[in-house]
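For reference, the chains in residue letters:
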Amino acid sequence: MLSPTQARLQDDLRGLIEGDVRCDETTLHLFSTDASLFEIRPQGIVWPKSVKDVVACVNYAAAKKIPIHPRGAGTGRSGGALGHGLILDFTRYMRRLIRTDDDSIAVQPGAVRGRINTMLQRSHQRMIGPDPGFPPTTTLGSWLACDGAGMHWLKYGSPRNAILSLQAVLATGESVELQADFRSEEQADNETEKRLIRGVREIMTPSLREIHLEQTDDSPDRSGYRLEGVLPTSPLGEPLSGGVNLVRLLAGSEGTLALITELRIKTVPDPVHLGGVLFLFDSLEKAVRAVSLIQLHGPNCCELLDRRRTSMVREWNKKYQSLIPKETEAVLYVEIDEPQANRVTDRLNAMIDDLRTDEHLCFGFRQAYHPREIEFFRGFLHRGELALSRMPPPFKAVPLFEDVFVPIDKLPAFLVLVQNIFKRYEILASFCGHVGQGHLRMNPIVSTEREDVAELLLRLVEEVNAEVLRQGGGISCDGACGLVGTHFLTQQHQFLSPLFQSIKTLFDPQNLLNPGKVVALDSDDHWIDSLRLLVRK
């Protein structure tokens, strides 16, 4: 039974759009969570069928002062798609592959990257390179909105470098098409684009040197708005004449500046010959020390799983028991591709010699060259990401440190420091991540029966994130800042945070587009409430 307010909201929106609208308690409960620890009840759920529907929702929300939160698969671990307003779910209708060209595709935001790649590989032997998020479910709207590093960032970079153009609905309700190039006010297609170009230039130009020092294109850091590359600059950060690249600014903006309704993405050829190797280690410390050696060989990726995850995957799926010996404390998975098969073999063998024969870091390895074998290894990694969700109660792996990164050369020392912090709090933890770019996912494992667990976790997160920043790292690398990262964003970007706020105000003066993310001021209550909710569950 709908309340009068729910019924009015549902009837209003159903009269404005062709898509679906639900405001019943069951649906609201389903969309009040994602893969994070947060739980926030929305007012209604909308499944738009077209850009016209999105425009109608934005205009209605603006008139009623209701926030809008875009949502893809709901697998984010930072609460980036949650909120008290209207959830716009693009996965039911706006998920089509619109057009395929020789070296690019046009898609809607609800399209799943994995499915699109399967179609591209069969028809054109091409693929979308960057792969942040959870590969089986990540939608291309969230792929760009998060602009994460991803498993193959070492090879393909981030999504912002693969975008050719996009269509988006602004907070004003206007639908705009933007090209991924520098455009001046004279080149703008309309007054709105001209206003945004002028405003971004005025905000950023006085601070280009500081932006150049804090954000670089070769860093996996993607916390806050990515200002690097939005204005043309010299290698030293000096301003150059030219326009503004609004597409690069919207990439990674987490739905806080505009709602993406269509993307044109550059595709890349499938690897001709691909090889993979799983390195087996008798300690986590040796695995992390091996990363800098592996980097010298130019890998496509370098992924870490620790013993807790590998042991659970072995128990979960017995076909992996022969792959990973029981005594394994950590594994690193590495891939390399080359035009010639013998070059792949030579490079992998050289890497194996370095790690096992010369440095005596790993005690074993498993190689793969056939596509089915590669998929088998990748499947092991994907299951490792999910493994901790199968922990028996009352134990719970808490997603507090899902997306931190530290420089590669500081990883071994940082791991010792953070393990000592966990030990001091008498908390077990599990580690994995895209360590080839310094990314780590660290999950504290706690008993929800502990009376002090909420307060303990609050102290823990402050201390660990402070250590991340002391090491020159960051709070976001592969996913959205969401509610988790935004809480600490001003600590990492003390100088840039006011610029983020100015840009948010320029695009969304009413703060209706996914509020509480990137420039949020109100996430503290969500932290405390969600951690206490964890204790009660």
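The following paragraphs examine the structure supplied in this document. In this convention, every chain numbers its residues from 1, walking through the sequence in written order. Per-residue local features of the predicted model are confined to residues with pLDDT of at least 70, and side-chain atom pairs are confined, for both listing and counting, to 80 or more; whole-chain, interface and lining totals are unaffected and use all residues. Excluding hydrogens and water, the side-chain figures rest on all heavy atoms present in the structure.

### Description of the packing of aromatic side chains
So, point 1. The criterion for an aromatic pair is that two Phe, Tyr or Trp rings (for Trp, the six-membered ring) have centres within 6.5 Å, with stacked assigned to planes under 30 degrees apart, edge-to-face to planes over 60 apart and tilted to the rest. Applying the stated criterion across every chain yields a total of eight aromatic pairs.
So, point 2. Residues Tyr225 and Phe500 carry aromatic rings whose centres are separated by 5.7 Å and whose planes lie at 80° to one another, so their mutual orientation is edge-to-face. A residue pair is termed long-range when its members are at least 10 positions apart, and Tyr225 in the loop between helix H8 (208-214) and helix H9 (246-250) and Phe500 in helix H18 (residues 497-507) qualify at 275 residues. When sorted by exposure, Tyr225 lands in the same class as Phe500, which is buried.
So, point 3. Judged by centre distance (5.3 Å) and plane angle (50°), the ring pair of Tyr320 and Phe380 falls under tilted. Separated by 60 residues along the polypeptide, Tyr320 in the loop between helix H11 (307-316) and strand S14 (330-338) and Phe380 in helix H13 (residues 371-386) bring together distant segments of the chain. Numbering goes from the N terminus for both helices and strands, where a helix is a DSSP run of H or I of at least four residues and a strand is a run of E of at least two. When a residue's accessible area, from a 1.4 Å probe over protein chains only, is under 20% of the maximum for its type it is buried; when over 50% it is exposed; and in between it is partly exposed.

### Points about the sheet that holds strand S10 (residues 259-266)
Whether parallel or antiparallel, the strands of a sheet pair through hydrogen bonds between backbone atoms.
So, point 1. Here a strand pair is declared whenever DSSP counts at least two bridges between the two strands. Reading across from one edge, S5-S6-S10-S8-S9 is the order of the five strands in this open sheet, with antiparallel pairing throughout. Only two strands of the sheet have a single partner each, and these edge strands are strand S5 (97-100) and strand S9 (175-179). Strand-to-strand twist across the sheet, computed as the mean angle between neighbouring axes with direction ignored, equals 15°.
So, point 2. The sheet contact formed by strand S8 (residues 163-169) and S10 spans six bridges and is antiparallel. Looking at the pairing, Ala168 lines up with Ile260 of S10. Between the N-to-C directions of two axes lies an angle of 0 to 180 degrees, each axis being a line fitted to C-alpha atoms and, for a helix, fitted only over the stretch in contact.

### Re the pattern of salt bridges
So, point 1. Salt bridges, as used here, are contacts in which a Lys or Arg side-chain nitrogen is within 4 Å of a carboxyl oxygen on Asp or Glu. On inspection of all chains with the given rule, the structure shows 29 salt bridges.
So, point 2. A salt bridge links Lys504 to Asp508, with the shortest nitrogen-to-oxygen separation between them at 2.7 Å. In this structure, Lys504 and Asp508 share a single accessibility class: buried.
So, point 3. Sharing partners across several salt bridges, the network here consists of Asp147, Arg160, Arg226, Glu228 and Arg248.

### Here we look at the packing of helix H10 (residues 284-295) against helix H14 (residues 411-424)
So, point 1. In the contact formed by H10 and H14, the axes pass within 8 Å of each other and the chain directions differ by 150°. Classed by the angle they form, the pair H10 and H14 counts as roughly antiparallel. Contacts between H10 and H14 pair Leu284, Val288 and Arg289 from the former with Leu411, Pro412, Leu415 and Gln419 from the latter.
So, point 2. Amino acid classes used here: Ala, Val, Leu, Ile, Met, Phe, Trp, Tyr, Cys and Pro are nonpolar; Asp, Glu, Lys and Arg are charged; the rest, including Gly, are polar. Residues belonging to the contact of H10 with H14 are distributed by class as follows: five nonpolar, one polar and one charged. Throughout, the term roughly parallel applies to angles under 35 degrees, roughly antiparallel to angles over 145, roughly perpendicular to angles from 65 to 115, and oblique to all others. We call two residues contacting when some pair of their heavy atoms lies within 4.5 Å.

### A look at the pairing of strand S17 (residues 401-405)
So, point 1. Of all five residues that make up S17, five are buried, and the element is covered over most of its length.
So, point 2. With three bridges joining them, S17 and strand S19 (residues 439-447) adopt antiparallel strand pairing. Counterpart to Val404 in the pairing with S19 is Leu440.

### Focus: the side chain of Gln167
So, point 1. In this fold, Gln167 is placed in strand S8.
So, point 2. The class of Gln167 is buried, set by a relative accessible area of 14%.
So, point 3. Excluding residues that lie within four positions of it along the chain, Gln167 makes contacts with Val51, Ser175, Val176, Glu177, Leu259, Ile260, Thr261 and Glu262.

### Let's talk about the nonpolar core
So, point 1. We define the nonpolar core as a collection of buried residues of types Ala, Val, Leu, Ile, Met, Phe, Trp, Tyr and Cys that are connected through side-chain atoms lying within 4.5 Å of one another. With 107 residues, the main nonpolar core has Val200, Leu227, Ile265, Phe279, Phe281, Leu332 and Phe507 as its most contacted residues.
So, point 2. If we skip the residues at most four places from it in the chain, Val200 touches Val230, Leu231, Val244, Leu246, Leu249, Leu506 and Phe507.
So, point 3. Counting residues in hydrophobic clusters, the runner-up holds 23 residues, among them Val55, Ala61, Leu86 and Leu88.

### What to know about the sheet that holds strand S4 (residues 86-89)
So, point 1. Across the sheet, which stays open at both edges, the four strands sit in the order S1-S2-S4-S3 with mixed pairing between neighbours. Strands with a single pairing partner mark the edges of an open sheet, and in this sheet they are strand S1 (20-22) and strand S3 (68-71). Strand-to-strand, the axes of this sheet are offset by a mean angle of 20°, without reference to chain direction.
So, point 2. Bridge analysis of S3 against S4 gives four bridges, and the strand direction is parallel. Note that in S4 the partner of Pro70 across the bridge is Leu88.

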